[in-house]
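# Summary of structural features
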Amino acid sequence: MSEQILAGKTCLVTGGGGGLGKAIATHFLEAGANVVICDVNEERLQATSAELSPKGPLKAIKTDITQTSEVESLFETLIGEYGKIDVLVNNAGIMDHFDPIGDLDMELWDRVLAINLTAPALLSKLAVRNMLAQPKPDGRIINIVSVAGKAGWASGAAYTASKHGLVGLTKSTAAYYGNKGIKCNALMMGGMETNIADAFSKGMHMGGYEKMIGVLNAIQAPPVDVNEVAGFCVNMTYGKGAGQINGATIAIDNGWTSIVG
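A brief structural summary. Per chain, the residues get numbers from 1 upward, laid out in the order the sequence is written. Where totals are concerned, whole chains, interfaces and linings use all residues; where local detail is concerned, this predicted model gives features only for residues with pLDDT of at least 70, and gives and counts side-chain atom pairs only at 80 or more. The basis for every side-chain value is the complete set of non-hydrogen atoms in the structure, without hydrogens or water.

### Quick word on the overall build of the protein
What counts here: Counting from the N terminus, the helices are DSSP H or I runs at least four residues long and the strands are E runs at least two residues long. Two residues form a contact once any of their heavy atoms are found within 4.5 Å. Only the protein chains shown count as cover for residues, with accessible areas throughout obtained via the Shrake-Rupley method and a probe of 1.4 Å.
Each helix and strand in the protein was counted, giving eight helices and seven strands. Contacts in the protein between residues at least 24 apart in sequence constitute 75% of all its contacts with a sequence separation of at least 6. Here the protein displays about 11,400 Å² of accessible surface, and carbon together with sulfur accounts for 50% of that area.

### Things to note about the side chain of R140
Definition in use: Relative accessible area decides the class of each residue, using a 1.4 Å probe on protein chains only: under 20% of the type maximum gives buried, over 50% gives exposed, and in between gives partly exposed. Distance and chemistry together define a polar contact, namely a pair of N or O atoms within 3.5 Å, with one atom able to donate a hydrogen and the other to accept it when in protein, and with adjacent residues in sequence counting only for side-chain atoms on both sides.
By secondary structure assignment, the location of R140 is in strand 5 (residues 139-144). Classification of R140 by relative accessible area gives buried; the value is 6%. One polar contact links the side chain of R140 to the main-chain carbonyl oxygen of T237, over a distance of 2.6 Å. For R140, the residues in contact, after removing those within four places along its chain, are D86, V87, L88, M131, G181, K183, M236, T237, Y238 and G243.

### Some points on the packing of helix 4 (residues 106-132) against helix 5 (residues 157-177)
What counts is decided by this rule: Every axis corresponds to a line fitted to the C-alpha atoms, with the helix fit spanning only the stretch in contact, and the corresponding angles, defined between N-to-C directions, vary from 0 to 180 degrees. With respect to orientation, any angle under 35 degrees is reported as roughly parallel, any angle over 145 as roughly antiparallel, any angle of 65 to 115 as roughly perpendicular, and every other angle as oblique. When the near helix sits turned anticlockwise from the far one by under a right angle, the crossing is termed left-handed; a clockwise turn instead gives a right-handed crossing. Nonpolar residues are Ala, Val, Leu, Ile, Met, Phe, Trp, Tyr, Cys and Pro. Charged residues are Asp, Glu, Lys and Arg, and all others, Gly as well, are polar.
Two elements in contact, helix 4 and helix 5, have axes whose closest approach is 8 Å; the angle formed by their N-to-C orientations is 15°. By the criterion of interaxial angle, the relationship of helix 4 to helix 5 is roughly parallel. For the pair helix 4 and helix 5, the sense of crossing is right-handed. Residues W109, V112, L113, N116, L117, P120, A121, S124, V128 and L132 of helix 4 form the contact with helix 5, whose own contacting residues are A157, A158, Y159, A161, S162, K163, G165, L166, L169, T173 and Y177. Class assignment of the residues belonging to the contact of helix 4 with helix 5 gives a composition of 15 nonpolar, five polar and one charged.

This is how it looks when you write it as structure tokens:
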């Protein structure tokens, strides 16, 4: 059982129906938080809700985060239920097909950017506004990035651009709000055994995929343990020293980025 460092805090985890989002929600509950998870997959969301509800106060809300009205409704429900938001984890994301720009379907570009970058921007905007409205602002935003937020070989053009953009959003949010009580950081993830990893292995541009596999085989990097990451997320909120970290992009990748120039 985690230390109850999140007692009285309200945390929103996007993409919380499975994978890393579910693991983070689990650890947040065990740390004493009120947890709201959202996901576009209602079946997966409800299954996760049934599994995790015995651990603590959990609310599951089906949300398409590319729709402004649904995100606004999500926040209205969260604030109505718990009064405030303390922690936002922008975890939801989709992969591209590993296509380089010359082969890219621009409709896929629009969808990847909408989910991976525009949605976190909107969610962060609403979270920041509520955090600043508190008597003593003390909020946390954690953006789940990727090796593709630093490297060009780790995915296709759309996903790579979206994750580079999310790193930029992290730094901007940290710069503007760090001295106002809101800390924003990014976790640069390596490969994980999650539902996004399943999608990652299907329908890719094989030249890029084969290059990536060759790199990973060369450094023998094992998949990242999502439960270890989730525990780290708890400490990144209100653990000892967490308030001193702002605007950081922290690699959690078993050494993937050590080979990136």
